[in-house]
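Letter by letter, the chains look like this.
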Amino acid sequence: GWYAFGLDVTDHIGAVATDTLVVQALYPEGNVDPVADAGADLIFTDTVTCTIDAYGNYVCGTCPNLGVALDGSGTYDPDGDAFASIWTLLAGSGTITAPTSLNTTLTMTNATTIYGATVTHTYQAFLVVTDCPDNVDSDTVTISYECTGI
């Protein structure tokens, strides 16, 4: 809101001077929390060629390791405070290349399958954002990696 403060000064012979100061309070509710945006959920698919062992059983390996972009570029602080971010892998097997960057890469590993079926592996990357006065927000992106044995 806007606030006006007035000051009247009277000297020893009765002369009066007046001044007014107008102030706008930008954040009357206090600091606003940052907004974390881990991006939209994603789905990837791949196949593995299975082989038959000496006993007639199908043997399937793993789908190739897959690098996926984690996009936190929609993250912001409504009142312009500086903020820090960190990504953490909550579910799935893999590594995050640069966990303190808003935009980084998750390399998904160990996506196994069986012959004639699709196995869905779920990975969850968790983005936490903290602004200068220590207000926090978080968001999670879920990545599905569907691995089919053929």
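Below, the structure is looked at part by part. (Residues numbered from 1 in each chain as written. Predicted model: local features only at pLDDT ≥ 70, side-chain atom pairs only at ≥ 80, totals over all residues. Heavy atoms only, no water.)

## Some remarks on the sheet that holds strand β8 (residues 94-96)
- Spatially, β6-β9-β8 is the arrangement adopted by the three strands of the open sheet, whose pairing is antiparallel. Strands at the two margins of the open sheet, each flanked by one partner only, are β6 (66-71) and β8. Averaged over neighbouring strand pairs, the angle between their axes works out to 20° when direction is ignored.
- Pairing between β8 and strand β9 (residues 103-108): three bridges, direction antiparallel. Its bridge partner lying in β9, glycine 94 is registered against methionine 108. (Pairing = 2+ DSSP bridges. Helix = DSSP H or I, 4+ residues; strand = E, 2+ residues; numbered from the N terminus. Axes fitted to C-alpha atoms, helices over the stretch in contact; angles between N-to-C directions.)

## Details of the state of the cysteines
- Counting across every chain of the model gives two disulfides.
- Each bonded cysteine of the protein chain is numbered by sequence order, and under that numbering the disulfide pairs are 1-2, 3-4. (Disulfide = S-S within 2.5 Å.)

## Some remarks on a nonpolar patch on the surface
- Residues Tyr3, Phe5, Leu21 and Val23 make up a contiguous nonpolar surface patch of about 400 Å² in total accessible area.
- For the nonpolar patch, the secondary-structure elements that each account for two or more residues are β1 (2-10) and β2 (16-24).
- Assignment of secondary structure puts tyrosine 3 in strand β1.
- Here tyrosine 3 falls in the partly exposed class, since its relative accessible area comes to 45%. (Patch = residues over 30% accessible without salt bridge, like charges linked within 9 Å, V, L, I, M, F, W, Y side chains within 5 Å. Areas by Shrake-Rupley, 256 points an atom, 1.4 Å probe, with all protein chains shown as cover. Salt bridge = Lys/Arg side-chain N within 4 Å of Asp/Glu carboxyl O. Buried < 20%, exposed > 50% of the residue type's maximum accessible area, 1.4 Å probe, protein only.)

## Regarding the environment of threonine 122
- In this structure, threonine 122 sits in strand β10 (residues 118-131).
- Note: C-alpha distance between threonine 122 and methionine 108 (14 residues apart in sequence) is 9.7 Å.

## Considerations on the side chain of serine 85
- Note on placement: serine 85 falls in strand β7 (residues 83-91).
- Among the residues examined, serine 85 registers a relative accessible area of 10% and is labelled buried.
- Polar contacts involving the side chain of serine 85 include one to the main-chain carbonyl oxygen of threonine 100, which spans 3.4 Å.
- In this view, serine 85 contacts Pro99, Thr100, Ser101, Leu102, Leu127, Val128 and Val129; residues no more than four positions away in its chain are not counted. (Polar contact = N/O pair within 3.5 Å; in protein donor to acceptor, adjacent residues only side chain to side chain. Contact = heavy atoms within 4.5 Å.)

## Overview of the side chain of aspartate 77
- Note on placement: aspartate 77 falls in the loop between β6 and β7.
- Judged by its relative accessible area of 8%, aspartate 77 is buried.
- In this structure the side chain of aspartate 77 is engaged in a polar contact, spanning 3.1 Å, whose partner is the backbone nitrogen of aspartate 79.
- A distance of 3.2 Å separates a polar atom in the side chain of aspartate 77 from the backbone nitrogen of aspartate 81.

## Regarding the sheet that holds β7
- In spatial order, the strands read β3-β11-β10-β7; together these four strands make up an open sheet with mixed pairing. Sheet topology places β3 (42-48) and β7 at the edges, where each strand pairs with a single neighbour. Averaged over all pairs of adjacent strands, the angle between their axes in this sheet comes to 20°, without regard to strand direction.
- In terms of strand pairing, β7 meets β10 through eight bridges, oriented antiparallel.

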